[in-house]
Amino acid sequence: MYRILSKEMLSPAICRMRVHAPRVAASAHPGQFLIVRVDEHGERIPLTISDFDPVEGSVTIVTQKIGASTKEICALEEGEFFEDVVGPLGLPSDFVDKTDDELKASRYIFIAGGVGTAPVYPQVKYLKSRGAYVDVIIGAKTADLLIYKDEMSALCDHLYICTDDGSEGFKGMVTGLLEKVVLEDGNNYTQAVAIGPMIMMKFATLTARKLGLPIVVSLNTLMVDGTGMCGACRVTVAGKTRFACVEGPEFNGYDVDFDEAMRRQGMFRNEEIEEDHKCKIR
Ligand code: NAD
Ligand code: FES
């Protein structure tokens, strides 16, 4: 059993929890994910690790209520327990293998969309601790859905904010702001990383290609059981079939067949809506 050390709501539908899971925290790296189960009958839910503290033995997870199981997670309170927390799973971000000299010479721009902002945090924290230059773009539909603003601005070199409706920061999507930051403000980056909805990662990749910027994307959002067994996270990368949960979740954005990935995601979303509907009827 894994105790919830703290819980807070970042917005009405997004909760952040610090969970006591010492073995996971001791070996976690940025870019990895874990699987939780609320109780012994619960569904296995893959969630990206949003922070980890090996000294305290805790991991932080951020969950958006979008289906029956994520609502169950967000209904748990501080002092209650998860039945299982399994991880860390997946491969760490590729920069953990870079030398200090390589990282000190690199200039990263992170493109974080909505709740996808949470897994960006441990990556920025790690890169800053090793001397890299890091700017971050956070995008959300409206100002009240922006998360991790304070945490990110305390860490990164420059934080850029955008909202679809212009209620805070640049009015428009992350791709428009990325173009502005590079073309109008004259920032040079050596690497982009995009984490957020699949459609955002597709268009961030198209924009990065236009700007001549290498880009890594995180395909966590495809996962269902996270074990390499169910096949839900199959995705074509550079013409080859890959399983995001065991061979990813991060891939070179230029190589990802986003349209196929979005079709696959659509199939599972329909099942989730049905399941949520059944729960309301019960
Ligand atoms: P959202 O729909 O509010 O989108 C966030 C931002 O993405 C928007 O404000 C916009 O700037 C950008 N965006 C959206 N569509 C775009 C487009 N067509 N072109 C350019 N930019 C676009 O995000 P949300 O409602 O918070 O949803 C978050 C999604 O992120 C969920 O689907 C969740 O599964 C996913 N997610 C992904 C990861 C990951 O590792 N990739 C991790 C956590 C969550
Ligand atoms: Fe099931 Fe990857 S999520 S095989």
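To be clear, the structure that these remarks concern was listed above.
All residue numbers here refer to positions counted from 1 along the written sequence of the relevant chain. Labels follow written order: the first chain is A, the first ligand is 1, and so on. Totals for whole chains, interfaces and linings use all residues, but because this is a predicted model, local features are given only for residues with pLDDT of at least 70 and pairs of side-chain atoms are given and counted only at 80 or more. Where side-chain values are given, they derive from all heavy atoms of the structure, hydrogens and water being excluded.

Visitor: Can you walk me through the sheet that holds strand β5 (residues 58–64) in this structure?
Guide: Two modes of strand pairing occur in sheets, parallel and antiparallel, and in both the strands are linked by backbone hydrogen bonds. Strand order across the open sheet formed by seven strands is β6-β1-β2-β5-β4-β3-β7, with antiparallel pairing between neighbours. At either end of the open sheet lies a strand with only one pairing partner, and these are β6 (81–82) and β7 (84–89). Between any two strands, at least two bridges found by DSSP are needed for them to pair. Comment: elements are numbered from the N terminus, with helices defined as DSSP H or I runs of at least four residues and strands as E runs of at least two. Strand direction decides the pairing type here: strand β1 (residues 2–11) and strand β2 (residues 14–20), joined by six bridges, are antiparallel. In the sheet register, I4 faces β2, and the bridge partner there is V19. Whether two residues touch is decided by their heavy atoms; if any such pair falls within 4.5 Å, the residues are in contact. Orientation is described by axes fitted as lines to C-alpha atoms, over the contacting stretch for helices, and by angles from 0 to 180 degrees between their N-to-C directions. In the packing of helix α2 (residues 68–75) onto the sheet, contacts are made with β1, β2, β3 (33–37), β4 (45–53), β5 and β6, and the angle to β5 comes to roughly 130°.

Visitor: Could you clarify how one ought to interpret a negative patch on the surface in this entry?
Guide: Candidate patch residues must exceed 30% relative accessible area and have no salt bridge, after which like charges are joined if within 9 Å and Val, Leu, Ile, Met, Phe, Trp or Tyr side chains if within 5 Å. Per-residue and other accessible areas were derived by the Shrake-Rupley procedure at a 1.4 Å probe size, with only the shown protein chains allowed to occlude residues. One side-chain nitrogen of Lys or Arg within 4 Å of one carboxyl oxygen of Asp or Glu is enough to make a salt bridge. In summary, the charge assignment counts Lys and Arg as positive and Asp and Glu as negative, without counting His or the chain termini. Where a charge lies is defined by one atom per residue type, namely NZ (Lys), CZ (Arg), CG (Asp) and CD (Glu). A surface patch of negative charge is lined by D39, E40, E43 and E72. With respect to the helices and strands, D39 occurs in the loop between β3 and β4. Note on D39: relative accessible area 32%, which makes it partly exposed. Burial classes follow relative accessibility: with a 1.4 Å probe on protein chains only, a residue under 20% of its type's maximum area counts as buried, one over 50% as exposed, and anything between as partly exposed.

Visitor: Teacher, can you tell me more about the pattern of salt bridges here?
Guide: Note on pairing: side chains with opposite charge can pair once their charged atoms come close. The full count for this structure, using the stated rule, is 13 salt bridges. Across the salt bridge formed by R16 and E8, the nearest N and O atoms sit 2.9 Å from each other. Judged by its relative accessible area of 13%, R16 falls in the buried class. For E8, a relative accessible area of 38% corresponds to the partly exposed category. Across the pair K149 and E168 runs a salt bridge whose closest N-O atoms are separated by 2.9 Å. Here K149 is found in helix α5 (residues 149–155), whereas its partner E168 is found in the loop between β10 (158–163) and β11 (170–171), with 19 residues between them in sequence. Of the residues examined, K149 reaches a relative accessible area of 28% and is grouped as partly exposed. Linked by salt bridges that have partners in common, E8, R16 and E151 make up one network.

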